[in-house]
Amino acid sequence: MSKSPFFKNIRFPNVFILLIIVFISCALLICINFFTIKILSANRAYVHGESHYSKGQKDAVRYLIMYLFTKDTNQWKLFSQELKVPQGDGIARRSLLKYGDSEIARKGFLTGRNHKDDLDDIVWLFVNFKDVSFLAKAIHEWGQGDELIAKLSTLGQQVDGQIKQNLLTPASQQKFLNEISTISDKLTINERNFLNTLGEGTRKIKSLLIITNIFFILIIVISVCTYYSIMVKRLLISKKEIEEKNENLIHVNHELDRFVYSASHDLRSPITSLKGLIEITQLEDDIQQVRDYLTLMHKSLIRQDQFIVDIIDYSKNKRKQVIIEPVSLKEIFDESISQLMHIENANKIKFTKELLIDTIQSDDLRLRIIISNLLSNAIKYADINKEEMFISIKTYTEEGYDKIEITDNGIGIKDEFKNNIFEMYFGTNKNKGSGLGLYIVKEAVENIKGSISVFSENTIGSKFIVAIPNYHGN
């Protein structure tokens, strides 16, 4: 069975590559999703931390204003306590920028009321993605917020100093209130920008995650579908090959049954004929008649010998491997003609040869079987009623094939027999052959990837053309 070039090129490594692609795609998909989830988790922790930062700052402002007007030292303590929340985050930011992951940074985040279980994700995101656009922008906003927290702390120190020295006046109260409000308003804008930046980054990550997931899922689906398609096609091809082999096996078994039956009959027939002739000869006193009987015996033995030769050729053609090598057509023709001259009337036939090509690349054994059988048939079926009997042999190259043409002016083939001449044991005259010759010729031609055609007219003659693939350039 012939396979398309695509399926000829499909081998185990190609399928293995598909499996590797699926494995790598799955691994990358898992890694990307893992790190994306880690980034989103860290983003969530930053948003949660910012809420504490913002609340601590606003509470500190509220306590400072109350301290400014009530001069209650408890309000100062509460102010100092709440201000430590954004200050702790500021310490963590500066430490991470300067030293990377450190105990100082982690303590700063804890002071900023971040949950201890979020510290790893917060530090990891900062250290590894601080230069990525959305986080770099958020860190910048964070830094500006820390500067405002420092100003708020300084302003608190000034308020505390004036209250303790009893220097606070209504005018200075209003001045401090205005400055505190300005810093608070700026911090509110700054904190909003920080959250917006993180939100923008989260949305981008989500979009990239969706695109990445779709991309790798498509790769996996396409690879799996391709793998499945290849395996199904292989199974179908294998099934078809098995079916063809089963059909060939059935055909071979049928052919073998027929061959065994016919061979046993054809082998026994000459023996039976010989036994009958010997018995008659033993009773005959006339010398001339005995000679006639001996002639008949000889012909019977010749037929049996030819049948055995055909069986040997059949076996060789079936069993022996095709070997492409240089073969001399002139040598094969000369040897075949010489070996066939014992056939009746062979010496009366004129042989002509026009060998435009001699040495070709093919199988020596099959060419000998083909040429010998075609010449043998041409001799056996010569028309003895014609004034001149001839067999013409030509060799030439045409359309990429080396061609052997054998023409005779014998009795020809009747139209009703032309479609059957290459069948096993088909013969128009069983007295002239076993019926195996042309069947073996066709099998031999097919074994060397060639073809055979026949042109024949009854009483006019026959022409057989064998086309053999041209391997001269290989």
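Note that the coordinates shown come from a computational prediction; the quantities given were computed from them, not determined experimentally.

Colleague: Kindly report on helix α11 (residues 437–447), identifying the contributing residues and their values.
Modeller: Across the eleven residues of α11, eight count as buried, placing the element largely inside the fold. When α11 is considered as a whole, its buried residues turn out to be Gly437, Leu438, Tyr439, Ile440, Val441, Glu443, Ala444 and Val445. Phi for Lys449, located one or two positions after α11, is positive at around 65 degrees.

Colleague: Run through the sheet that holds strand β6 (residues 451–457), naming residues and quoting values.
Modeller: What the five strands build is an open sheet, ordered β2-β4-β5-β7-β6; its pairing is mixed. The strands lining the two open edges of the sheet, one partner per strand, are β2 (349–355) and β6. Strand-to-strand twist of the sheet, defined as the mean angle between neighbouring strand axes without regard to direction, takes the value 10 degrees. As defined by bridge partners, β6 adjoins strand β7 (residues 461–469) across seven bridges and the pair is classed as antiparallel. Looking at β7, one finds that Ser456 is bridged to Ser462. Each of β2, β4 (389–398), β5 (401–408), β6 and β7 is contacted by helix α10 (residues 364–380), which is oriented at about 20 degrees to β5, the strand it contacts most. Across the sheet, α11 touches β6 and β7, and the angle it forms with β6 is around 145 degrees.

Colleague: Describe the UniProt feature "transmembrane region" (unreviewed entry) in the protein chain, with residues and values.
Modeller: Within this structure's numbering, the places UniProt gives as "transmembrane region" (unreviewed entry) are residues 12–35 and 208–230. Measuring from the first to the last C-alpha atom of residues 208–230 gives 32 Å, for a span that is 100% helix and 0% strand.

Colleague: Can you tell me about the pattern of salt bridges, naming the residues and giving the values?
Modeller: For the coordinates displayed, the defined rule picks out 22 salt bridges. In this structure, Glu179 and Lys175 form a salt bridge, with 2.9 Å as the shortest nitrogen-oxygen distance. Remark: Lys175 and Glu179 occur in helix α7 (residues 170–283); sequence separation between them is four residues, near one turn of the helix. Judged by relative accessible area, which is 28%, Glu179 ranks as partly exposed.

Colleague: Let's hear about the environment of Phe455: which residues, and what values?
Modeller: Within the secondary structure, Phe455 is located in strand β6. Between the alpha carbons of Phe455 and Ile413 there is a distance of 8.9 Å; along the sequence they are 42 residues apart. Once residues lying within four places of it in the same chain are set aside, the contact partners of Phe455 are Gly461, Ser462, Lys463 and Ile465.

Colleague: Which residues make up the packing of helix α3 (residues 73–99) against helix α4 (residues 103–111), and what values do they have?
Modeller: Between α3 and α4, whose axes approach to 7 Å, the crossing angle comes to 160 degrees. By the criterion of interaxial angle, the relationship of α3 to α4 is roughly antiparallel. Note that α3 runs across α4; the crossing there is left-handed. In this structure, α3 contributes Lys84, Val85, Gly88, Asp89, Ile91, Ala92, Ser95 and Leu96 to the contact, and α4 contributes Ile104, Ala105, Gly108, Phe109 and Thr111. Within the contact of α3 with α4, the residues separate by chemical class into seven nonpolar, four polar and two charged.

Colleague: Provide a residue-level description of the packing of aromatic side chains, including the pertinent values.
Modeller: For the structure on display, the rule yields eight aromatic pairs. Geometrically, the ring pair formed by Phe109 and Trp142 is tilted, given 6.2 Å between the ring centres and 40 degrees between the ring planes. In this pair, Phe109 is assigned in helix α4 and Trp142 in helix α6 (residues 133–164), connecting sequence segments 33 residues apart. Take Phe109 and Trp142: they sit in the same class, and that class is buried. Here the aromatic cluster, defined as three or more aromatic residues joined through ring pairs, consists of Tyr46, Phe109, Phe126, Trp142 and Phe194.

Each value, and the rule that gives it
Position numbers for residues start from 1 in each chain and track the written sequence from start to end. Confidence filtering applies because this is a predicted model: local features only for residues at pLDDT of at least 70, side-chain atom pairs given and counted only at 80 or more, and all residues used for totals across whole chains, interfaces and linings. To get the side-chain values, take all heavy atoms of the structure and skip hydrogens and water. The buried label applies to any residue whose accessible area, calculated with a 1.4 Å probe on protein chains only, is under 20% of its type's maximum; exposed applies above 50%, and partly exposed to all values in between. Only DSSP runs of H or I with at least four residues qualify as helices, and only runs of E with at least two residues qualify as strands; both kinds are numbered from the N terminus onward. Strand pairing requires that DSSP identify at least two bridges connecting the strands. Axis lines are fitted to C-alpha atoms, over the contacting stretch for helices. Their N-to-C directions set the angle, which ranges from 0 to 180 degrees. Residues count as neighbours in contact if any of their non-hydrogen atoms are within 4.5 Å of one another. UniProt positions are given in the numbering used here, feature names are shortened, and annotations may be inferred rather than shown by experiment. Throughout this description, the term salt bridge denotes a Lys or Arg side-chain nitrogen within 4 Å of a carboxyl oxygen of Asp or Glu. We call two directions roughly parallel when the angle between them is under 35 degrees, roughly antiparallel when it is over 145, roughly perpendicular when it lies between 65 and 115, and oblique otherwise. If you view the pair so one helix is near and one far, a crossing is left-handed when the near helix is turned anticlockwise from the far one by less than a right angle, and right-handed when it is turned clockwise. Throughout this entry, Asp, Glu, Lys and Arg are counted as charged residues, while Ala, Val, Leu, Ile, Met, Phe, Trp, Tyr, Cys and Pro are counted as nonpolar. The remaining residues, Gly among them, count as polar. To pair, rings of Phe, Tyr and Trp, with the six-membered ring standing in for Trp, must have centres within 6.5 Å; the planes then decide the type, stacked if under 30 degrees apart, edge-to-face if over 60, and tilted in the middle.

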